Amino acid sequence: MVFEPGTLIAMVLASLYGLFVGAVPGLTATMATALLVPVTFFMPPIPAIATIVTATAMAIFSGDVPGCLLRIPGTPASAAYTDEAYAMTRKGHAELALGAGLVFSAVGGLFGTAVLILAAPALAEVALHFSSFEYFWLVLLGLTCAVFITSDQPLKGVVTLLLGLLVACVGLGNPAGFPRFTFGNAEMTGGIGMIAMMIGMFAISEVIRYVVDTSPPAELVVDHVGNVMRGQWELAKKYPVQILRGSTLGTAVGALPGAGADIAAWMSYAMSKKFSKEPQKFGTGHVEGIVESGSANNSALAGAWIPALVFGIPGDSITAIVIGVLYMKNMNPGPTLFTTNPQNIYAVFLLFIMANILMVPLGILCIKVAKRILKVPRNILMPLILLFCIVGTFAINNSLFEVTVMLVAGVVAYVLEANRFPIAPAILGVVLGGMLEENFITSMIKSNGNLGAFFDRPIALGLAVVTFAVWFAPAVMKVVRGRRPVVAA
């Protein structure tokens, strides 16, 4: 299935597309995925998944290229170590920085894939015993994690989460089959199209941001990049603990709902500095942080697929879009996917391995032509992206209403981000809102309205305890700190 010519061609084309999108500052890996959805609509399941897996893996890596050469991260996942990489470039070590980003992104991606292969089937075995009670707490925990992890201001995260849950309420798709928030509009009875909304929030908002941006374009500080593979084996021998730690942390953070590669990279860079034997060198052009964070951001991609495939709960905004594609291809995420279509799951595992192996030769090619990619005029690129968004969104259901949803979502996302409101909780609210309501209503019917039934089963009780701990831990910690006696100097 994976080695059919159609799938291989799709992977190569998606790789080149992902490398280009990631290398152009401002175009994110999530945006690359959102723009691919209309294309995957016309493809068989495995080539469709292949395009998304390879494009996102390449985009996360190639975001390092403009960060290193221009001090502008191509994707948010590269922002954590952009200053470090640029400082290395100013010292004349651009090849080492770019090579470390490339090689250890591939290593981290393969590590995350290994965990995905081992953990997902084992979790699916457990998930087969889940009832609506466990799923209710699991979804609630996922939404809670999205708020606390993705925002340094949780209240703003709660606001965007509630906005997402409100959008999920629109239409007839609820347990009662009652039209909600349709305002008499027949188009609204089908609900707000998730794919159209995501294309708007991640692509249209970027176009608007470009239109209002008045800052001058950055200049390249190097004309030529040499052999990026020189010295990488020495780095691997010098920093094995950092590679393993970054890959492990990245996979774990990726598996948390709403976290994603950018948070994994920031956490990994901070951990690298904390445990380093040479913390004073960080920020001056020290490769150690790039090695660890580079491993983390790509391992997080595979980690995010674990909850997405097993429970239908997205680990990040990319897998939120992927879940929509899986439903479109009749590969409904959940534990039964592992029993009804095991060949598709093994194909996904193999696609991840191939994408990370392909990353090395194609990444070297990308670095070689980086100068040309970075000089593509944005005033030509952005109108083309806008055109592709409109045509692609219309093609999904041949509906102008979907195009309107996309444009409105783009404006809303731009306004939210301009005021420092995180977008990820809103996306998770839309994806998980229906699942939360459905499992709550089903559980209430089963228990004849007895709320105590939500705590009767051992796994449900355990998930409830963890959820309440996440909710109330910050308040308890604040009270404990407030009561701590002050020792006079």
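The structure reproduced in this document is the subject of the present report. (Residues numbered from 1 in each chain as written. Predicted model: local features only at pLDDT ≥ 70, side-chain atom pairs only at ≥ 80, totals over all residues. Heavy atoms only, no water.)

This model, assessed by the stated rule, comprises 19 aromatic pairs. Look at Trp 137 and Phe 455: their rings are 5.5 Å apart centre to centre, the planes differ by 50 degrees, and that puts the pair in the tilted class. In this pair, Trp 137 is assigned in helix H7 (residues 132-150) and Phe 455 in the loop between helix H20 (424-446) and helix H21 (458-483), connecting sequence segments 318 residues apart. Exposure remark for Phe 455: the relative accessible area of 34% places this residue in the partly exposed category. (Phe/Tyr/Trp six-rings, centres within 6.5 Å; stacked < 30°, edge-to-face > 60°. Helix = DSSP H or I, 4+ residues; strand = E, 2+ residues; numbered from the N terminus. Buried < 20%, exposed > 50% of the residue type's maximum accessible area, 1.4 Å probe, protein only.)

Counting residues in hydrophobic clusters, the biggest one holds 150 residues, and the most contacted among them are Met 201, Trp 305 and Ile 385. Contact partners of Trp 305, with chain neighbours within four places excluded, come to Ile 49, Val 53, Leu 116, Thr 319, Val 322, Val 348 and Phe 352. (Core = buried A, V, L, I, M, F, W, Y, C linked by side-chain atoms within 4.5 Å. Contact = heavy atoms within 4.5 Å.)

Let's shift gears to unusual backbone geometry. Glycine aside, a negative phi is what most residues show, and trans is what most peptide bonds show. Positive phi, normally seen in glycine, also occurs at Phe 183, with a value near 55 degrees. Structurally, the position occupied by Phe 183 is in the loop between helix H8 (154-169) and helix H9 (194-212). With relative accessibility at 74%, the residue Phe 183 sits in the exposed group. In this model, Arg 420 sits at a positive phi of 65 degrees, which is unusual for a non-glycine residue.

Attention now moves to a nonpolar patch on the surface. Together, Ile 9, Val 12, Leu 13, Leu 16, Leu 365 and Val 369 line one region of the surface with nonpolar side chains, adding up to about 500 Å² of accessible area. Ranked by residue count, the leading element in the nonpolar patch is helix H1 (residues 5-23), at four residues. The topology assignment puts Val 369 in the loop between helix H16 (342-368) and helix H17 (370-374). (Patch = residues over 30% accessible without salt bridge, like charges linked within 9 Å, V, L, I, M, F, W, Y side chains within 5 Å. Areas by Shrake-Rupley, 256 points an atom, 1.4 Å probe, with all protein chains shown as cover. Salt bridge = Lys/Arg side-chain N within 4 Å of Asp/Glu carboxyl O.)

Looking now at the environment of Gly 109. Tracing the backbone through its elements, the reader meets Gly 109 in helix H6 (residues 94-127). Considered as a pair, Gly 109 and Thr 160 are 51 residues apart in the sequence and their alpha carbons are 30 Å apart. Not counting chain neighbours up to four residues away, the residues in contact with Gly 109 comprise Asn 298, Ser 299, Ala 302 and Asn 356.

The geometry of helix H11 (residues 240-255) relative to helix H13 (residues 288-311) is characterised by a closest axis approach of 6 Å and an angle of 35 degrees between their N-to-C directions. H13 is crossed by H11, and the crossing has right-handed handedness. Contact with H11, carried on its side by Gln 242, Ile 243, Arg 245, Gly 246, Ser 247, Gly 250, Thr 251, Gly 254 and Ala 255, involves Glu 288, Val 291, Glu 292, Ser 295, Ala 296, Ser 299, Ala 300, Gly 303, Ala 304 and Pro 307 of H13 and no other residues of that element. Within the contact of H11 with H13, the residues separate by chemical class into seven nonpolar, nine polar and three charged. (Axes fitted to C-alpha atoms, helices over the stretch in contact; angles between N-to-C directions. Left-handed = near helix turned anticlockwise from the far one by under 90°. Nonpolar A, V, L, I, M, F, W, Y, C, P; charged D, E, K, R; others polar.)

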